[in-house]
Protein chains: 2
Amino acid sequence: MIKIAIDCMGGDEGLAVTIPGTVQVANRYPDTHFLLVGLVDQIEAALERAKPANRSQFEIVSAAEVVTMDDPVEVALRRKKDSSMRVAITCVKDGRADACVSSGNTGALMALSRFILKMLPGIDRPAIATALPNVKGGGTTVLDLGANVDCSAEHLLEFGIMGSALVQAIDHIDAPTVGILNIGQEDIKGNDQVKQAAQLLKSSHLNFYGNVEGDDIFKGTTDVIVCDGFVGNSVLKAIEGTAKMILGQIKLEFKRNPFSRFAALLSMPVFKRLRQRLDNRRYNGAALLGLRGVVFKSHGSADELAFACAVERARGAVASNLLSKIIHSVERSNAIKSQNE
Amino acid sequence: MIKIAIDCMGGDEGLAVTIPGTVQVANRYPDTHFLLVGLVDQIEAALERAKPANRSQFEIVSAAEVVTMDDPVEVALRRKKDSSMRVAITCVKDGRADACVSSGNTGALMALSRFILKMLPGIDRPAIATALPNVKGGGTTVLDLGANVDCSAEHLLEFGIMGSALVQAIDHIDAPTVGILNIGQEDIKGNDQVKQAAQLLKSSHLNFYGNVEGDDIFKGTTDVIVCDGFVGNSVLKAIEGTAKMILGQIKLEFKRNPFSRFAALLSMPVFKRLRQRLDNRRYNGAALLGLRGVVFKSHGSADELAFACAVERARGAVASNLLSKIIHSVERSNAIKSQNE
């Protein structure tokens, strides 16, 4: 039986999203149990409103404090010792839960997870990974998205190992292709760290494709793309900004006059299908990889459907033994390295 | 009188775009002369077809070779000594032209420009800068976009100086705001190099705003955004990829069935206005900054209108004394530095 701890108090909407989102997943997977962490009375009330099919899938775990979006990492680490985020992660540490999902502040979630759970053997740096929709209809998993502002070649290899294991576990792809983000396809491109990382990836057991560029994320050229956290974070925010700007401008233009408003009305089914196709809610749920436990981060602005996706991804990672996949892959990588030495 | 050398043979379409594009600008600015560089006979014929208002604005300069998009930098530098790109840059070096515009291979253009023109005093690294449309209806100038794969804090300060001078010269903004691309707004965010660069920018004479993130490009938070070339190039390609994917999916969905095709027909004026608003052709023309000469790079796939924009930007940079603005700003920066020491 899979057990998932939910930080019910995190995110812009808190319980109004986390509880109904979790109930959706519970109804879909009767084998899964949930530890709902936060203010007991409020969770009770929200759970009743969400009308779960089977109340016995849920256990409420008390936590009196909340880590806010603006809380510095230090506050989450040293001051709010009874926060829902911290208690949820501790449930994983103590073996009460197999995974934890939170929509709280990413920096705090990463710091607390690292502090409480510690790193997996053989992994030096944690990484944040998320999937972005590509034109092939699938998702391209990109990491790191901001846990590390500078990475060595070895760290980029670790990201390749962890990203591959994640895609194997969640998307059930046997030998995911791995690309390294670079500023050109030729081997001579890029800085030293990226060139060295490409060499390490090439001689590893991973299905290494080679250099990819920023637009390959959407082409779906590879299943996994590795990059340092500074680049990954900047690219992710630029992508979000571009999408927001284009869709915002389309809306603006459709609202401009009665004629265009009429065209908008007729175009509604088109935009509905477009929304389904590009719906980034379906890809909500970033994995915090490299830890001795499964931790997923939902977007702070997630709605019910998006939050449910994050919970479902966490559940999938547990069901497919993500952690042992990573450990096994690290061992294979080290064996190859010591052979080559 | 302003004189601009045009590498007529560069870009996907060569003369079919470069000549009519240049003629557009010539007709708009009767004070400007053009050195059309490339295969003489072909240029003669294309110029005749383009029907310039005043033929005496044009002089044809012979160059027998062409640098192709696939030519390695070494070929452009050491082998094709009579390429239209090289001859056009040499016109600037020899004082026959004030600026040069090419849609050829960026790597070759940068290497040749650096080799032939040399760097401006006080500038250590050249940078590629381009403007991207923002929701405020203006452009956000981003640099570096790929000339440097690793940069020190001092290089990022140089980019701030050059980017500000470019925006002053072309957009006629007196004290452009400068942001530094980072993975968060707080001062503690980012890697050492970015943190140090922020300190240098803060104590400089530039109108420094502080940290910005990937989505601020589109918000138009600052006039200039500086970043290292690896990040800038990755972000730029991710933006292009996102825009292409969204617009491609919209097209696909509108073509799906007779009803949606009808909706598309009615929506045409909307998409026409959208195109005008987001038209990146209007922002075509990346500046190669830091050289002892004005060099602009047009997109290889530019059409007439886009190429004309690049030529017009180059003309504007000359008319507003871009180079002396940069030199003056470097001197001010050095004066402040030595005061602080």
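None of the values given here were measured: they were computed from a predicted structure.

Student: For the interface of chain B and chain A, give the residues involved together with the corresponding values.
Tutor: Across the contact, 52 residues belong to chain B and 52 residues belong to chain A. Taken over both partners, the interface formed by chain B and chain A buries close to 4,700 Å², and the fraction arising from carbon and sulfur atoms is 74%. Sorting the residues of chain B by area buried against chain A places B:Ile183, B:Phe230 and B:Met245 first, and these three jointly supply 14% of that buried surface. Taken together, the links from chain B to chain A amount to four salt bridges. Connecting chain B to chain A are seven residue pairs in polar contact (both at pLDDT 80 or more). The element best represented in the side of chain B that touches chain A is helix α9 (residues 229-254) of chain B, accounting for 20 residues. Considered class by class, the residues forming the side of chain B that touches chain A number 28 nonpolar, 16 polar and eight charged.

Student: Provide a residue-level description of the confidence of the model for chain A, including the pertinent values.
Tutor: In the predicted model, chain A carries a mean pLDDT of 93, and 100% of its residues have values of at least 70. With a pTM of 0.91, the predicted complex shows an ipTM of 0.88.

Student: I'd like to hear about the sheet that holds strand β1 (residues 2-7) of chain A, residue by residue, with values.
Tutor: Residue and element names in this part refer to chain A. Here 11 strands make up an open sheet; going across it, the order is β3-β2-β1-β4-β11-β10-β5-β6-β9-β7-β8 and the pairing mixed. Strand pairing shows two members of the sheet lacking a second neighbour, β3 (58-62) and β8 (207-212), which therefore form its edges. For this sheet, the mean inter-axis angle between neighbouring strands, taken without regard to orientation, is 25 degrees. Pairing of strand β7 (residues 177-181) with strand β9 (residues 224-226) involves three bridges; the strand directions are parallel. Paired with valine 178 across the two strands is valine 224, which belongs to β9. Contacting β4 (99-102), β5 (127-133), β10 (286-289) and β11 (294-297), helix α5 (residues 106-117) runs over the sheet at an angle of about 175 degrees to β11.

What counts, and at which threshold
Residues numbered from 1 in each chain as written. Chains lettered and ligands numbered in written order. Predicted model: local features only at pLDDT ≥ 70, side-chain atom pairs only at ≥ 80, totals over all residues. Heavy atoms only, no water. Contact = heavy atoms within 4.5 Å. Buried area = accessible area lost by both parts, 1.4 Å probe. Salt bridge = Lys/Arg side-chain N within 4 Å of Asp/Glu carboxyl O. Polar contact = N/O pair within 3.5 Å; in protein donor to acceptor, adjacent residues only side chain to side chain. Helix = DSSP H or I, 4+ residues; strand = E, 2+ residues; numbered from the N terminus. Nonpolar A, V, L, I, M, F, W, Y, C, P; charged D, E, K, R; others polar. pLDDT = per-residue confidence, 0-100. Pairing = 2+ DSSP bridges. Axes fitted to C-alpha atoms, helices over the stretch in contact; angles between N-to-C directions.

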